[in-house]
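# Architecture and fold: a report
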Amino acid sequence: MQLVAFQRIYFRNFMLFMAVFIIVFLPFIFLITTQFSRYAIEEVDRTAHTKVNEIRDNTEYVLEKFKGYALSMYEDQNIQYWLLGDRNDQLLAVAAMKSQNNFMYNEPFISRTYIINSLTQSVIDSKIGKSAFKDFEDQAILEKVTLNNDMYLSFFNHIVDDTEYLTMIVPTSPNKKEYGYLVLLIDKTKLMNYLFGPNLEETNDVSIFTADGQRIMGGAFLELDQAIDKSFRSNRESKIEIEFQGDRFYINKAVSDMYDWNFYYANNYGYITQRTKAFKEKLLTFSFLSLGLIAILFFISSRRSLGSLSQLAEKIIEKYKADLSGKNTISSILANSEMKMIDRGLEAILSNVEQLHSSIRDHRELIRSEHLSQWIFQGNLNQKSRRFFLQETKLLHMNYLYLSVIRIDSYLAFCDQYDFNSRKLLKYAIRNISEEILHKRGIAAESLDLGSDHLVLLIGSEEQDPVTLLPLLNDIQEHIHSITKISVSLAISNATSSQDDLRILNQHVYELTMLKFLSGENHVFMEDEYEDFVQSLPTTEFSSQELIQCIQNGQFEQAIDKLQQLMKIFAGCSYSDCKLNIIHLVYDLTKAFNKLNAIQKFKGIHKVLERFGTLAQLQAWLEDVIREIISEMTIPKVKTRQEKVVHEIHEYIRTHLQDPQLSVERIAEHLSFSISYLRQMHREVTGMTMSDYILTEKIALAKKLLTSTDLTMYEIIERSGFLTKSHFFAAFKKLTGLTPKQYRESQPGIP
């Protein structure tokens, strides 16, 4: 049995494809070229209309500046003294010339100026100096000054030494007789280059005419400009078309009511048509070449792909030769075989799609966390993250945005009770509880675990007052405690927007949760409560930063010295101010070391302070607290415990890589260890400094983004947590030996 018909399937398939392709492709190309030509002409026309109005506005603005400049120059004290003073006083003339030169130096458009004194019959020319009327070379301007009194602050053309200037006389008032005049000769070439642009295309022409047909400014095409003005005099439209010397021009017009001038902007549409025609020809040529190349490639591809079916058919015939004898059932066998293959292929595709869908679900959480982290750490919402939240969440579709912080109480005890993976699962449960409660009430919410003692909860609501959210937040707090047995403190910001800096807001709301130590009450804290606390602080200023620094460095004796100095300051205050200062001090200690057990035992600072009758007793108690804090900060002595702490350090670094403020100090504050001890422990366990590890991780992230995404260099710098471009490039070159661009180009598979 021969398979001649089957062997020609690739040819029939090729002919069918080419017929369909040509029927669809050619009309599409012609449509594109026609639409492009129409669009090009319309775009040139819109540009010309905008340009002529822009030139008119700029001209009015510049000429008004000249008017003001001329009046300032005319009213200069030295120039007025010369105009009204003794004609023989040479010092007055010298002073006037000096002022004249100073003004001209500051205005490059003014090429030449005359100061004319009708009383003394003399002129100061900025070019040749002082001269009498009879010796002055520009007699035409003297005649215009003495005879024309109707040109007050107006501009006109004036020729001097075969050079045409835009000229203005100040003042020439019909209501007042003047004896002194200032004449400005403005360089028209410089002015036109400024107003029209120095590189005006040869296909365009710009000109300015007065209402009576006098050309004020224009290019080299004088006859064209005159023809344009003449055409517009017989036509009141703002846009016309004319023929000039075999070329077709479209002209846009703008009128200046301030000067009664007409502005014309001409486009040579013949030249534009030639360019669009050339583009159409090139497009058609490339299209047909592309069509030919596609035809060749498709023919080769079709023959190679369908040739395997021919081989398969031969194998089927060879295998089922006896059954097919005298029967033309090859097509049915092939169809059955192909259907089975298609069926198996579809099953594989569906299985892969399901796996891909599952993978996308898993990765969506990572993508969401990345965008949220970048928003919180960078403070501002970039365009890619904004698009993600608009498409994937309802957060930005709500009228108001709130930031809430859920802080885990007794965090060190929480860390001691649960290992790292268990803590992550519990935090994930807290997030789910929070989001589920809010979503059920129709409120958008997205949460983020920052790898620290608190979680950030972004809430989108239609209500402007955060008080409306308090019942839900209280419900969240109760459910978290009842389900996970974890005690948390909650705080919420006032209504904000996606334009505000969430980094600063996050720090502020986190600080609100520290107010729990004041009263010992466990409720949701709001910004008004913090404002009340700040207003209640005494007027006496003191700083607890040095004390906190000594404690963080594990310097007990120095910390006690600082505490004694503060107590001496408090002793000199009134009783009420002394008490408030002590509360403020304990509040600062709580903020700095809130994760330690020594601080967590504060349950209502007012009740704690009532136990002491004197400052000495209070000081002794604070010394014990400081001793406990320093002791807790240096607990890990066993190597396995040190390794766990280093593991937490690395996890915190990976979670906060996008944060440009990530530092050893921030990590020490998070883990409540002294900075020096943490550095020593990290070097002992890993063999490298924490600063080097942070930099290495940031560069590793940057390398991944360079090779797996098409993000811009600025976006990569931002996502890698670098503050400046110079720091990023220097660090990248130091660790890799290449610039970021060289590294991206050297890697295969760049998108």
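Refer to the preceding data block for the structure.
Along each chain, numbering runs from 1 in the same order as the chain's sequence is written. Restriction of local features to residues with pLDDT of at least 70 applies here, the model being predicted, together with a cutoff of 80 or more for giving and counting side-chain atom pairs; totals for whole chains, interfaces and linings are based on all residues. Side-chain numbers come from the whole structure's heavy atoms, not from hydrogens or water.

Take a nonpolar patch on the surface next. Among the surface-exposed residues, Leu16, Val20, Ile23 and Val24 lie close enough to one another that they form a single nonpolar patch of about 410 Å² accessible area. Secondary structure follows DSSP: runs of H or I at least 4 residues long count as helices, runs of E at least 2 residues long count as strands, and numbering of each begins at the N terminus. One can find Val20 in helix H2 (residues 9-74). Only residues whose relative accessible area exceeds 30% and that take part in no salt bridge are eligible for patches, with like-charged residues grouped when within 9 Å of each other and nonpolar side chains (Val, Leu, Ile, Met, Phe, Trp, Tyr) grouped when within 5 Å. Accessible areas in this description were obtained via Shrake-Rupley with a 1.4 Å probe; residue shielding takes into account the shown protein chains only. Put simply, a salt bridge is a Lys or Arg side-chain nitrogen that is within 4 Å of an Asp or Glu carboxyl oxygen.

Before going further, it helps to spend a moment on the pattern of salt bridges. Within the structure shown, the criterion is met by 25 salt bridges. In this structure, the salt-bridge partner of Lys239 is Asp45, at a minimum N-O distance of 2.8 Å. Placement of the pair is Lys239 in strand E9 (residues 239-244) and Asp45 in helix H2, with a sequence separation of 194 residues. By relative accessible area, which is 40% here, Lys239 ends up partly exposed. Between Asp659 and Arg666 there is a salt bridge, with the nearest N and O atoms lying 3.5 Å from each other. Given the relative accessible area of 2%, Asp659 is considered buried. Where salt bridges share partners, they join Arg112, Asp125, Lys127, Glu137 and Asp161 into one cluster. Note on exposure labels: buried denotes an accessible area under 20% of the residue type's maximum, exposed denotes more than 50%, and partly exposed covers the range between, all computed with a 1.4 Å probe on protein chains only.

On to the packing of aromatic side chains. Any Phe, Tyr or Trp ring, taking Trp's six-membered ring, that has another such ring centre within 6.5 Å forms a pair; planes under 30 degrees apart are called stacked, those over 60 apart edge-to-face, and the others tilted. A full pass over the atoms with the stated rule returns 14 aromatic pairs. Judged by centre distance (6.0 Å) and plane angle (65°), the ring pair of Phe155 and Tyr259 falls under edge-to-face. Taken together, the residues Phe155 in strand E4 (residues 155-160) and Tyr259 in the loop between strand E10 (247-256) and strand E11 (261-268) connect sequence positions 104 residues apart. Judged on exposure class, the residue Phe155 and its partner Tyr259 are both buried.

We now examine the sheet that holds strand E14 (residues 454-461). One open sheet holds the five strands; their spatial order is E13-E14-E12-E15-E16, and the pairing between them is mixed. Both edges of this open sheet fall to strand E13 (444-449) and strand E16 (525-526), since each of them pairs with a single strand only. Here eight bridges tie strand E12 (residues 400-408) to E14, and the two strands are oriented antiparallel to one another. Across the sheet, residue Arg407 finds its bridge partner in E14, namely His454. In the packing of helix H13 (residues 420-440) onto the sheet, the strands contacted are E12, E13 and E14, and the crossing angle to E13 comes to about 170°. In what follows, residue pairs with any heavy atoms lying within 4.5 Å of each other are defined as contacts. Comment: axis = line fitted to C-alpha atoms, over the contacting stretch for helices; angle = value between 0 and 180 degrees taken between N-to-C directions. Running at roughly 165° to strand E15 (residues 488-492), helix H14 (residues 470-484) makes contact with E12, E14, E15 and E16 of the sheet. Strand pairing follows a simple DSSP-based rule, namely that at least 2 bridges must link the two strands.

Here we take up the nonpolar core. Side chains of nonpolar character tend, in soluble globular proteins, to be buried together. Of all hydrophobic cores here, the largest spans 43 residues; its most connected members are Phe155 and Leu191. The biggest single contributor to this core is H2, with 10 residues. Phe155 has contacts with Leu63, Phe66, Lys67, Leu166, Thr167, Met168, Ile186, Tyr259 and Trp261, leaving out every residue within four places of it along the chain. By convention a nonpolar core is built from buried Ala, Val, Leu, Ile, Met, Phe, Trp, Tyr and Cys residues, the set being connected through side-chain atoms within 4.5 Å.

The sheet built from six strands is open, its strands ordered E3-E2-E1-E6-E5-E4 with antiparallel pairing. Strand pairing shows two members of the sheet lacking a second neighbour, strand E3 (129-132) and E4, which therefore form its edges. Strand after strand, the sheet turns through a mean of 30° between neighbouring axes, direction not considered. Judged from the four bridges that link them, strand E1 (residues 110-117) and strand E2 (residues 122-125) form a sheet pairing that is antiparallel. Bridged to Asn117 within E2 is Ser122. Where helix H3 (residues 77-84) meets the sheet, its contacts fall on E1, E2, E3 and strand E6 (180-187), and the angle it forms with E1 comes to roughly 40°. Across the sheet, helix H6 (residues 188-196) is in contact with E4, strand E5 (163-170) and E6; its angle to E6 comes to roughly 60°.

Among the eight residues that make up E5, six are buried, leaving the element largely enclosed by the rest of the structure. Bridge count for E4 against E5 is six bridges, and the pairing is antiparallel. By the bridge assignment, Asn157 is partnered in E5 with Leu166. Turn length for the E4-E5 hairpin, with the two strands adjacent in sequence and antiparallel, is two residues, and the turn residue Asp161 shows positive phi of about 55°.

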